[in-house]
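Residue-level listing of the chains:
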Amino acid sequence: GTRAAEPARSAFPAFKLLGFLDVENTPCARDSILYGSLGSVVAGFGHFLFTSRIKRSCDVGVGGFILVTLGCWFHCRYNYAKQRIRERIAREEIKKKILYEGTHLDPERKPQQQQQQLNNLEHRKVDVNEVN
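The name that an unreviewed UniProt entry assigns to the protein is Cytochrome c oxidase assembly protein COX20, mitochondrial, with the source organism given as Theropithecus gelada. Its UniProt record, at the heading Sequence similarities (unreviewed entry), says of the protein: "Belongs to the COX20 family."

Trainee: What is the right way to look at the UniProt feature "transmembrane region" (unreviewed entry) in the protein in this model?
Mentor: As recorded in UniProt, the sites labelled "transmembrane region" (unreviewed entry) are residues 33-50 and 62-80. Spanning residues 33-50, this segment combines 100% helix with 0% strand, and its end C-alpha atoms are found 26 Å apart. What you have in residues 62-80 is 100% helix and 0% strand, and the ends, taken at the C-alpha atoms, are 26 Å apart.

Trainee: In this structure, what is going on with the pattern of salt bridges? I would like to understand it.
Mentor: Charged atoms that come close allow side chains of opposite charge to pair. Inspection of the entire model under this criterion finds four salt bridges. Here Asp 31 makes a salt bridge to Arg 30, at a shortest N to O gap of 3.7 Å. Judged by relative accessible area, Asp 31 falls into the partly exposed class, the value being 39%. Residues Glu 92 and Arg 88 are paired through a salt bridge, measuring 3.8 Å at the closest nitrogen-oxygen approach. One end of the pair, Glu 92, and the other, Arg 88, are both in helix H2 (residues 54-100), four residues apart, so they sit about a helical turn from each other.

Trainee: Explain the state of the cysteines here, please?
Mentor: The term disulfide refers to a covalent linkage connecting the sulfur atoms of a pair of cysteines. Inspection of every chain in the model, using the stated rule, returns one disulfide. Note that Cys 28 is cross-linked by a disulfide to Cys 76, the S-S spacing being 2.0 Å. Sign of the S-S torsion, about -75° for the bond between Cys 28 and Cys 76, identifies this disulfide as left-handed. In this pair, Cys 28 sits in the loop between strand S2 (21-22) and helix H1 (29-51) while Cys 76 sits in helix H2, placing the two residues 48 residues apart along the sequence.

Scoring rules and cut-offs
- Residues numbered from 1 in each chain as written.
- Predicted model: local features only at pLDDT ≥ 70, side-chain atom pairs only at ≥ 80, totals over all residues.
- Heavy atoms only, no water.
- UniProt positions renumbered as here; feature names shortened; annotations may be inferred.
- Helix = DSSP H or I, 4+ residues; strand = E, 2+ residues; numbered from the N terminus.
- Salt bridge = Lys/Arg side-chain N within 4 Å of Asp/Glu carboxyl O.
- Buried < 20%, exposed > 50% of the residue type's maximum accessible area, 1.4 Å probe, protein only.
- Disulfide = S-S within 2.5 Å.

Dropping the structure here:
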């Protein structure tokens, strides 16, 4: 039989660009390569339309691929790193919230509420002593 817990595996092996960059599992790699390809076509074809020089247009296309790919890669990785930092800070804040909620260290509790609770406790002590 088949197991339900097993992850679905693709029939194709992972695509590795230049033998080392796993495009499928590396964040930002897929988008950077796709935008770089588009930039290559636009730059090369645009240069060809203006100059009609085939070899130079191919060189411009390769340069466009490199520039657009690297630009997209650094932009995406920068945003990815910012997102990871925000997620880590949020996780830490949630842990603090769970740990301190309801205690005297809870930053959301106002000093006035704490003073009111202390006064209520003192009144209870007085009431108990009056009964005895």
